[in-house]
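Listed below are the residues making up each chain.
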Number of protein chains: 2
Amino acid sequence: MDALTYGEPSKAKKSVLRKIEEQAEELAYLQRKCRELGIPVLIVVEGLSAAGKGTIINQMIQPLDPRGFKVTCIASPSRDEQLRPFLWRFWRRTPSAERMAIFDRSWYRNLLDAQVNDSLGAKDLQKAYSDVRAFERQMRDGGTVIFKFFLEVSKKEQATRLAALQSNPVTAWRVSDAVLQRHAKYREYQEAVESMLQQTDLPDSPWLKVASKNTNQATLKVLSNLVSTLRKRVHEASREVSPDPRPGLSKLPAFSNAPHLSNADLTSQLSKDSYRELLEARQRKIQELHHEVYRLRIPVVLVYEGWDAAGKGGNIRRLTERMDPRGYEVIPVSAPNDLEKAHHYLWRFWTEFPKAGHVTIFDRSWYGRVLVERVEGFCTEAEWKQAYREINEMEENFRHFGTVMAKFWVHVDQEEQLRRFQAREQNPRKQWKLNEEDWRNREKWKPYEDAVNEMFLRTHAPKSPWTLIEGNCKRFARIKALDVVIAAIERGIADKSR
Amino acid sequence: MDALTYGEPSKAKKSVLRKIEEQAEELAYLQRKCRELGIPVLIVVEGLSAAGKGTIINQMIQPLDPRGFKVTCIASPSRDEQLRPFLWRFWRRTPSAERMAIFDRSWYRNLLDAQVNDSLGAKDLQKAYSDVRAFERQMRDGGTVIFKFFLEVSKKEQATRLAALQSNPVTAWRVSDAVLQRHAKYREYQEAVESMLQQTDLPDSPWLKVASKNTNQATLKVLSNLVSTLRKRVHEASREVSPDPRPGLSKLPAFSNAPHLSNADLTSQLSKDSYRELLEARQRKIQELHHEVYRLRIPVVLVYEGWDAAGKGGNIRRLTERMDPRGYEVIPVSAPNDLEKAHHYLWRFWTEFPKAGHVTIFDRSWYGRVLVERVEGFCTEAEWKQAYREINEMEENFRHFGTVMAKFWVHVDQEEQLRRFQAREQNPRKQWKLNEEDWRNREKWKPYEDAVNEMFLRTHAPKSPWTLIEGNCKRFARIKALDVVIAAIERGIADKSR
């Protein structure tokens, strides 16, 4: 990339510089508008070594208000990141509604390396690309504008630039052996790039190839693309026009053999004595499996949903009572806070994904989208309908990473719930557990039932199945949940050991 | 630690179990009260291997609402954490006003290891202990209640427990070589522990030694301590009594040769031609030094404070224009958001500390505490007076880590500010930069001047000095700031290379 020059520029160059300045000023304006309108922006700058990514990014951010963007440089994943699904570290960094997230390299970096070095099987590579496509679609459906720039550099030009870096004692260390090896494999990388561009040039997140030979031209091209796309998006948002009708609402997945609330046998019971004995054996087993899970680095995700006062808390407590607190975490989920609201609704769940070897227990979960948010009208019909697919994709992503999953609906009938509410009312130590919202929710029993049954139908998958827990008898419910967790972990251990 | 038993307990044991239950219930109540009153709670559980830390923590959290606490297990610092001052990873995890943070091991872990293995010189160890004492005092002065439990285990008991772990195939892997080595050095560890307890048994964060032989007794002791201390604190907070008069307000540090606003020569000027030439040379130099800083892993922290419209933004832009965006970040600081408000006021700055080798530029900073918050009355007089010491301690902490620091006050006089405000008003592209608050701040010029001069006096330290930048001529101001940054980095490189 030719150096920025300070001297007196030629006439042609002057004209380009003037245009850059115009676009930069417009971009600064659009950044403020996006912020006002709550439009998150995600910019990916990809390219091989010495393609000039740093220079382009610095040109891009000069006009911007630093309050409104964050540049993230993507290197190889850290140890901590390797213990999560590969998209985890990108989900964590997705922009909030007030920010631009600028990525210097991205989720594509390791996929390119994997393809060239053949370090991932063809099948796993396909899975990864499919996860990437789902990720970008979800971002976009959540209102994020995505830009993907690919900076092109010829092998010859790359050689020249690397030589220039090497000849300067201050920058020579940047040309590592790994960089030279990648340079030697230029042709293989070029092929991997073409395949990557083809597989991920999506209607709502297309690639823009940018020749990097001339910095000013490249800058102008990038700025112009940012400006024209954002101008369109800001225009739409100002008129409160939804960007496009959302696709895919009709063909939702539905799984057979999913549970149904009408199938619950709420007369199921367990005596105090049998309970005590079974509980002890189950807790010992869990303690043992917890060690195994840690040793084998298997992540475990457990989801507890259920009616108010169904006994989720007590059920979870029996599960964790003898577990090592260093290896599990209970995440109670309530209404999102401001920061969470400013992100994609799945963001806060992605960020809580356990390290491989750890257990995360969600006390309520992402299913809130298709339960409370649906019933109470906190999101639009299009949004909760679309959520089934997004949730299935997220859980599939977790399974690609070898995650053990179990999902519970702890069920009680209306009479039992009423008894428990009344008991809480009368116990001064438990009154705080009950509020007006609980009483209001009770009145919407039927719409909630419909939502629960549809959730079962649309999100019951072989490796992340729903279990309906009959909860009128708390003892029965606790043992049943423990049994399901034990079976799921044992299957996970068997899969891993194969 | 003896196992929890399920069978029929003895009479004495029954009495202990009943007391544990009472304390647990009371703790659950106090947790909710602390949350309502906004009292952050920090609990440290320390102890040698197999002292039963996990068991005690699990007993402690069983009665708690999972919404209100977080257990963090402290292992050796990750690569990312090693690139920050050692307290960084603990600052990041300090509790918000709605949370209990429970640490399984803590900042004491590595200090113990360092003392036994002699991996830190005596002088550096003293520095570290002094940083720890300042950290705990700051937490406490910020309203956090700190508990520090040290679980004692005899060498014999440790041997028995390790043998039990080893004999079980499920837990044998937990007894690593490192654990056995520490066991062999039991006596050395015991000595290090005694010295640590002595040096950090502070009035407001005392250690409580807990014999771990009998789990129930240990649990009861820990729960009782939590309950009695929190009950006292909740009582005080409910009556809105400040816990204690804050000490140390009288003997504030003051540095000679600090700048003073009256010394600024605002007639300083630089012609356009000289500016262009000097700018080019300085920017090239910065670009070069930025590479060196990265290579040598030196963290750089630059602070820009100044009047509204003094030109901080443009000044920062000239500094970063040719820097590699992967190695610097501009952090614009405005009023804290909800999450930030729920933490210690220094929390958000600690979390933004650059990785070693990176440059972080704060556009406004922690000095807001002694500037805007002081002048506008956003904090109490005791709070901003105490802040000088806390800020000096934080910066000293940064310096202990080898951080290069420079702090700028960009200065203009009232006439120049008025000219710039009026120019902004008349330029439709710049109107957004000006708001009513700017006009209001102008009216408090004198109290701000006093605050600035006192800030200079109290926080001008040899390795984090203030520089007064005369800003009526923007060109002059930019070159002067660049020169100071260059000199500071060159000194840092020389120090590091020695």
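Treat the numbers as computed from the prediction; the structure is a model and nothing was measured.

Q: I keep staring at the overall build of chain A and nothing clicks. Help me out?
A: Helix and strand counts for chain A stand at 20 helices and 10 strands. Seen through its C-alpha atoms, chain A measures out along the principal axes to roughly 90 × 55 × 40 Å. Buried residues in chain A amount to 54% of all 498 residues. Carbon together with sulfur atoms contributes 49% to the accessible area of chain A, which is approximately 22600 Å² in total.

Q: How should I be thinking about the sheet that holds strand 3 (residues 100-104) of chain B in this particular structure?
A: Paired through backbone hydrogen bonds, the strands of a sheet run either parallel or antiparallel to each other. All names here are of chain B. Taken in spatial order, the 5 strands line up as 2-3-1-4-5 in an open sheet, and their pairing is parallel. Pairing within the sheet leaves two strands with one partner each, and these edge strands are strand 2 (69-73) and strand 5 (207-211). Mean inter-strand twist for the sheet, computed between neighbouring axes without regard to direction, equals 20°. Of the strand pairs in this sheet, strand 1 (residues 41-47) and strand 3 are connected by 5 bridges, and their pairing is parallel. The residue of strand 3 that forms the bridge with Val 41 is Met 100. Strands strand 1, strand 3, strand 4 (145-152) and strand 5 of the sheet are contacted by helix 5 (residues 107-117), whose axis makes an angle of about 30° with strand 1.

Q: Is there a simple way to think about the nonpolar core in this case?
A: It is characteristic of soluble globular proteins that their nonpolar side chains tend to be buried jointly. If you look at the biggest cluster of nonpolar residues, it comprises 278 residues, and the most contacted ones within it are A:Ile43, A:Trp107, A:Trp366, B:Ile43, B:Trp107 and B:Trp366. Setting aside its immediate chain neighbours within four residues, A:Trp366 contacts A:Val301, A:Val303, A:Leu346, A:Phe349, A:Ile391, A:Met394, A:Glu395, A:Phe398 and A:Met405.

Q: Can you walk me through the packing of helix 12 (residues 312-320) of chain A against helix 20 (residues 474-497) of chain A in this structure?
A: Residues and elements named next belong to chain A. In the contact formed by helix 12 and helix 20, the axes pass within 9 Å of each other and the chain directions differ by 50°. Accordingly, the angle class assigned to the pair helix 12 and helix 20 is oblique. Crossing handedness for the pair helix 12 and helix 20: right-handed. The segment helix 12 lies against helix 20, with Gly 314, Asn 315, Arg 318 and Leu 319 engaging Ala 477, Arg 478, Ala 481, Leu 482 and Val 485. Here the residues of the contact of helix 12 with helix 20 sort into 5 nonpolar, 2 polar and 2 charged.

Q: I tried to follow the domain arrangement of chain A on my own but got confused; where do I start?
A: One frequent convention defines the size of an interface as the accessible area lost when the parts assemble. Residue and element names in this part refer to chain A. Per the domain assignment, the segments making up chain A are domain 1 (11-238) and domain 2 (261-497). Centre-to-centre, using C-alpha coordinates, domain 1 lies 39 Å away from domain 2. The partner domain 2 presents 20 residues to the 22 residues of domain 1 that form the contact. Summed over both sides, the interface between domain 1 and domain 2 buries roughly 2000 Å², with carbon and sulfur atoms accounting for 58% of that surface. Ranking the residues of domain 1 by area buried against domain 2 places Leu 83, Pro 85 and Trp 91 at the top, with a combined share of 30%. The tally of links between domain 1 and domain 2 comes to 2 salt bridges.

Q: So what exactly am I meant to see when it comes to the relation of the copies chain A and chain B here?
A: The pair of chain copies shares a relation made of a rotation about an axis and a shift along it. When chain A is fitted onto chain B, the two copies agree to an RMSD of 0.0 Å after a turn of 180° and an axial shift of 0.0 Å. The transformation relating the two chain copies, once decomposed into turn and shift, fits a two-fold axis. Of all interface residues in chain A, 100% are interface residues in chain B too; the two copies therefore contact each other through one and the same surface.

Q: Looking at this structure, how should I read the interface of chain A and chain B?
A: Residue-level contacts link 45 residues of chain A with 46 residues of chain B. With its nearest N and O atoms 3.4 Å apart, the salt bridge here joins B:Arg174 to A:Asp324. At the surface where chain A touches chain B, the tally comes to 18 residue pairs in polar contact (both at pLDDT 80 or more). Broken down by secondary-structure element, the contributors of at least two residues to the side of chain A that touches chain B are helix 1 (11-37), helix 2 (53-61), strand 2 (69-73), helix 11 (272-296), helix 12 and strand 7 (328-332) of chain A. When its residues are assigned to classes, the side of chain A that touches chain B shows 18 nonpolar, 7 polar and 20 charged.

Q: What's the story with the pattern of salt bridges in this structure? I'm lost.
A: Opposite charge on two side chains allows them to pair when their charged atoms are near. This model, assessed by the stated rule, comprises 83 salt bridges over all chains. In this structure, B:Asp80 engages B:Lys355 in a salt bridge whose closest nitrogen and oxygen atoms are separated by 3.5 Å. Taken together, the residues B:Asp80 in helix 3 (residues 79-82) and B:Lys355 in the loop between helix 14 (347-351) and strand 8 (359-363) connect sequence positions 275 residues apart. What makes B:Asp80 partly exposed here is its relative accessible area of 32%. Each of A:Asp104, A:Arg174, B:Asp324 and B:Arg326 takes part in salt bridges that share partners, so that together they form one network.

Q: Would you mind going over the packing of aromatic side chains with me for this structure?
A: Think of a pair of aromatic rings as described by two things: how far the centres are apart, and how the planes are tilted against each other in angle. As enumerated under the stated definition, the model contains 54 aromatic pairs over all chains in all. Both rings, one in B:Phe103 and one in B:Trp107, keep their centres 5.6 Å apart while their planes meet at 70°; by these two values the pair is edge-to-face. By relative accessible area, which is 1% here, B:Phe103 ends up buried. In this structure B:Trp107 comes out as buried when scored by relative accessible area, which is 2%. Plain terms: the ring middles of B:Trp307 and B:Trp409 are 5.5 Å apart, the flat faces sit at 80° to each other, and that makes the pair edge-to-face. Of this pair, B:Trp307 sits in the loop between strand 6 (300-306) and helix 12 (312-320) while B:Trp409 sits in strand 9 (residues 404-411), placing them 102 residues apart in sequence. With respect to class, B:Trp307 is no different from B:Trp409; both count as buried. Residue placement shows A:Arg174 over the ring face of B:Tyr294; its charged tip is 5.7 Å from the ring centre. The ring of A:Tyr345 carries A:Arg369 above its face, with NZ or CZ at 3.9 Å from the centroid.

Q: In this structure, what is going on with the environment of B:Phe135? I would like to understand it.
A: All names here are of chain B. Relative to the assigned elements, Phe 135 resides in helix 6 (residues 122-141). Each C-alpha atom of the pair Phe 135 and Gly 306 lies 28 Å from the other, and the pair is 171 residues apart in sequence. Apart from residues no more than four positions distant in its own chain, Phe 135 is found in contact with Leu 87, Phe 90, Trp 91, Thr 94 and Trp 107.

Q: Honestly, the environment of B:Glu381 in this entry has me stumped. Any pointers?
A: Residue and element names in this part refer to chain B. Mapped onto the fold, Glu 381 is located in helix 16 (residues 381-400). It is 9.5 Å that separates the C-alpha atoms of Glu 381 and Val 370, two residues lying 11 residues apart in sequence. In this structure the side chain of Glu 381 is engaged in a polar contact, spanning 2.8 Å, whose partner is the side chain of Lys 385.

Q: Explanation requested: the side chain of A:His411 in the structure shown.
A: All names here are of chain A. Topologically, His 411 is positioned in strand 9 (residues 404-411). We classify His 411 as buried; its relative accessible area is 5%. Of note is the side chain of His 411, whose polar atom sits 2.8 Å from the side chain of Trp 307. Aside from chain neighbours lying at most four places away, what touches His 411 is Leu 261, Ala 264, Leu 266, Trp 307, Leu 468, Ile 469, Glu 470, Gly 471 and Asn 472.

Q: Just to check I follow, could you spell out the confidence of the model for chain A for this structure?
A: One rule of thumb: low pLDDT means the predicted coordinates there are not for detailed reading. Summing up the model confidence of chain A, the mean pLDDT is 91 and the portion of residues at 70 or higher is 95%. Here the predicted complex scores 0.82 on pTM and 0.75 on ipTM.

Q: Just checking my understanding: could you explain the packing of helix 6 (residues 122-141) of chain A against helix 16 (residues 381-400) of chain A for this structure?
A: Helix-helix packing: each pair is described by the crossing angle between the helix axes and the interaxial distance. All names here are of chain A. The geometry of helix 6 relative to helix 16 is characterised by a closest axis approach of 10 Å and an angle of 145° between their N-to-C directions. The handedness of the crossing between helix 6 and helix 16 comes out as left-handed. Each of Lys 127, Asp 131, Ala 134, Arg 137, Gln 138 and Asp 141 in helix 6 lies in contact with helix 16, whose residues at this interface are Gln 386, Arg 389, Glu 390, Glu 393, Asn 397 and His 400. For the contact of helix 6 with helix 16, the per-class residue count stands at 1 nonpolar, 4 polar and 7 charged.

Q: Help me understand the pairing of strand 9 of chain A, please; the structure alone is not making it clear to me.
A: One face of the sheet, then the other: side chains in a regular strand alternate in exactly this way. Residue and element names in this part refer to chain A. Among the 8 residues of strand 9, 8 are classified as buried, and the element is accordingly described as predominantly covered. Of the two faces of strand 9, the one holding Val 404, Ala 406, Phe 408 and Val 410 and the one holding Met 405, Lys 407, Trp 409 and His 411 are both buried throughout. By the bridge criterion, 7 bridges tie strand 6 (residues 300-306) to strand 9 in an arrangement that is parallel. Bridge pairing in strand 9 links Val 303 to Lys 407. Where strand 9 lies against strand 10 (residues 466-470), 5 bridges are found, and the strand directions are parallel. Residue Val 410 lies in a different strand from strand 10, and its bridge partner there is Ile 469.

Q: I would appreciate a short explanation of helix 6 of chain A in the present structure.
A: In an α-helix, one full turn covers 3.6 residues, which means residues spaced three or four apart are oriented alike. All names here are of chain A. Under the 1.5 Å per step criterion, the end-to-end length of helix 6 is 28 Å for 20 residues, consistent within 8% with the ideal 28 Å. Residues of helix 6 that are buried sit in contact with strand 1 (41-47), helix 4 (88-92), helix 5 (107-117), strand 4 (145-152), helix 9 (186-199) and helix 16. Positive backbone phi, at 105°, marks Gly 143, one or two positions downstream of helix 6.

Q: Where do I start with the pairing of strand 6 of chain A in this structure?
A: All names here are of chain A. Of all the 7 residues making up strand 6, 7 are buried; the element is thus mostly covered by neighbouring parts of the structure. Alternating residues of strand 6 divide into Val 300, Leu 302, Tyr 304 and Gly 306 and Val 301, Val 303 and Glu 305, and every residue in both groups is buried. Where strand 6 and strand 8 (residues 359-363) come together, 5 bridges link them in parallel fashion. Across the sheet, the residue bridging to Tyr 304 is Asp 363, located in strand 8.

The rules behind these values
- Residues numbered from 1 in each chain as written.
- Chains lettered and ligands numbered in written order.
- Predicted model: local features only at pLDDT ≥ 70, side-chain atom pairs only at ≥ 80, totals over all residues.
- Heavy atoms only, no water.
- Helix = DSSP H or I, 4+ residues; strand = E, 2+ residues; numbered from the N terminus.
- Buried < 20%, exposed > 50% of the residue type's maximum accessible area, 1.4 Å probe, protein only.
- Areas by Shrake-Rupley, 256 points an atom, 1.4 Å probe, with all protein chains shown as cover.
- Pairing = 2+ DSSP bridges.
- Axes fitted to C-alpha atoms, helices over the stretch in contact; angles between N-to-C directions.
- Contact = heavy atoms within 4.5 Å.
- Core = buried A, V, L, I, M, F, W, Y, C linked by side-chain atoms within 4.5 Å.
- Parallel < 35°, antiparallel > 145°, perpendicular 65-115°, else oblique.
- Left-handed = near helix turned anticlockwise from the far one by under 90°.
- Nonpolar A, V, L, I, M, F, W, Y, C, P; charged D, E, K, R; others polar.
- Domains from an automatic or database assignment.
- Buried area = accessible area lost by both parts, 1.4 Å probe.
- Salt bridge = Lys/Arg side-chain N within 4 Å of Asp/Glu carboxyl O.
- Least-squares fit on C-alpha atoms with pLDDT ≥ 70 in both.
- Polar contact = N/O pair within 3.5 Å; in protein donor to acceptor, adjacent residues only side chain to side chain.
- Phe/Tyr/Trp six-rings, centres within 6.5 Å; stacked < 30°, edge-to-face > 60°.
- Lys NZ or Arg CZ within 6 Å of the ring centre and 35° of its normal.
- pLDDT = per-residue confidence, 0-100.
- Expected span 1.5 Å × (residues − 1).

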